[in-house]
Amino acid sequence: MENSFLIKTKELVKIYPIGWKKLAALDHVNLGFEKAEFTGVVGPSGSGKTTLLNIIGSLDVPTAGSAEVLGKKVEDLSNRQAAALRNHSIGFIFQTFNLLPVYTVFENVEFPLLLLGLSADERKQKVRKALEWVDLVDRAKSKPAQLSGGQCQRVAIARAVVKKPAIILADEPTANLDAENSHNILQTMEELNRELKTTFIFATHDEKVIRYIRRKITLVDGKVAKDEVMNPTKAERKGQ
Ligand SMILES: Nc1ncnc2c1ncn2[C@@H]1O[C@H](COP(=O)(O)OP(=O)(O)OP(=O)(O)O)[C@@H](O)[C@H]1O
Ligand SMILES: [Mg+2]
């Protein structure tokens with residue numbers, strides 16, 4: 001291996017045309033992420049956090065520069081190859097949960113596995129394990145509308161981890177949750193990070209998330225303004 005980074009961006013640039021002007025959503029970003037990181041990307045609204053996560057998640061491509069994810073340059077991938085990278089190696093957690101309302105909790109968590117060619121039995125075992133991680137085994141048959149916001153986000157976490165991806169990208173995962181639910185899901189994610197060595201990258205404004213992360217990257221106008229190591233204590237996490 002060329003380096004120990006799971007994810008590496010090199011002079012990463014993303015330009016959006018705004019009318020006849022051009023806006024640099026990411027402006028020469030150089031970052032490396034190692035296995036089992038628990039990192040937050042912070043910064044003002046419009047600073048490029050979601051754009052960065054989308055490119056790392058191979059949902060979007062750079063305008064210039066490079067983003068290498070698990071040894072693959074996302075800018076070189078075909079749509080099919082990008083989908084394969086996402087299906088096997090990347091889990092997404094969104095602010096709005098993005099659960100499928102007509103399906104049960106079990107079916108929502110099972111969904112990413114349908115693309116991996118597993119038997120029904122294998123899928124069932126994996127879904128059960130994922131629901132155990134987020135403590136929702138007893139709600140497997142419920143529909144999302146029958147759950148609280150915190151429970152929905154736990155289903156979304158289960159859906160993201162069920163295939164044990166190397167990387168989980170979480171865009172404002174606590175934005176729709178109250179303080180208690182936020183701490184619960186952050187604790188769950190921290191446990192998964194420890195046990196499964198999953199790399200977590202959060203985009204967030206939320207102080208509660210910032211108390212948990214071990215590295216804080218600050219974006220301002222699409223540039224890395226700060227990159228800090230954080231060492232949260234248990235008391236700090238609870239806001240004491
Ligand atoms: N599809 C698009 N077309 C045009 N401009 C876009 C597009 N997506 C994002 N932008 C612009 O790029 C900049 C960065 O957006 P981005 O969504 O990455 O910010 P963010 O840091 O996630 O903000 P927030 O905290 O509000 O979620 C913003 O100025 C935004 O308006
Ligand atoms: Mg955003």
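Further up the page is the structure itself.
## A look at the overall build of the protein
(1) Moving on: Along the backbone of the protein there are eight helices and ten strands.
(2) Moving on: Considering only C-alpha atoms, the protein reaches an extent of 50 × 45 × 40 Å along its principal axes.
(3) Moving on: Of all 240 residues assigned to the protein, the portion counted as buried reaches 50%.
(4) Moving on: Considering only contacts within the protein whose residues lie at least 6 apart along the sequence, 69% involve residues at least 24 apart.
(5) Moving on: A total accessible area of about 12,100 Å² is found for the protein, and carbon and sulfur atoms account for 50% of it.
(6) Moving on: Taken as two groups, the 35 positive and 29 negative side-chain charges of the protein have centres that lie 2 Å from each other.

## A look at the pairing of strand β10 (residues 223-229)
(1) Moving on: Sheet analysis places strand β9 (residues 215-220) next to β10, joined by six bridges and oriented antiparallel. By the bridge assignment for β10, threonine 218 is matched with lysine 226.
(2) Moving on: With antiparallel pairing between neighbouring strands as the criterion, β9 and β10 make up a hairpin whose turn holds two residues, including aspartate 221 at a positive phi of roughly 50°.

## Comments concerning the layout of surface pockets
(1) Moving on: Considering only enclosed or pocket space, the largest pocket measures out at about 360 Å³ in volume.
(2) Moving on: Contributing elements (two or more residues each) for the lining of the largest pocket: α2 (79-89), β6 (90-94) and α5 (149-161).
(3) Moving on: Take the lining of the largest pocket: its biggest share by element is four residues, from β6.
(4) Moving on: Classifying every residue of the lining of the largest pocket by side-chain character gives nine nonpolar, four polar and three charged.

## Let's talk about the nonpolar core
(1) Moving on: Val109, Leu131, Ile157, Met189 and Phe202 are the most contacted members of the largest nonpolar core, which has 38 residues in total.
(2) Moving on: When contributions to this core are tallied by element, the ones reaching two or more residues are β3 (38-42), α3 (105-110), α4 (120-133), α5, β7 (167-171), α6 (179-196), β8 (199-203) and α7 (207-210).
(3) Moving on: For this core, the leading source of residues is α5, giving seven residues.
(4) Moving on: Within the second largest apolar cluster, 26 residues are counted, among which are Leu26, Phe33, Ile55 and Ile167.

The rules behind the values
Residues numbered from 1 in each chain as written. Chains lettered and ligands numbered in written order. Predicted model: local features only at pLDDT ≥ 70, side-chain atom pairs only at ≥ 80, totals over all residues. Heavy atoms only, no water. Helix = DSSP H or I, 4+ residues; strand = E, 2+ residues; numbered from the N terminus. Buried < 20%, exposed > 50% of the residue type's maximum accessible area, 1.4 Å probe, protein only. Contact = heavy atoms within 4.5 Å. Areas by Shrake-Rupley, 256 points an atom, 1.4 Å probe, with all protein chains shown as cover. Lys, Arg positive; Asp, Glu negative; His and termini not counted. Charge placed at Lys NZ, Arg CZ, Asp CG, Glu CD. Pairing = 2+ DSSP bridges. 1 Å grid on protein atoms, 1.4 Å probe; cavity = no way out; pocket = protein on both sides within 12 Å on 5 of 7 lines; lining within 4 Å. Points joined across faces, edges and corners; volume = space filled by probe spheres on them. Nonpolar A, V, L, I, M, F, W, Y, C, P; charged D, E, K, R; others polar. Core = buried A, V, L, I, M, F, W, Y, C linked by side-chain atoms within 4.5 Å.

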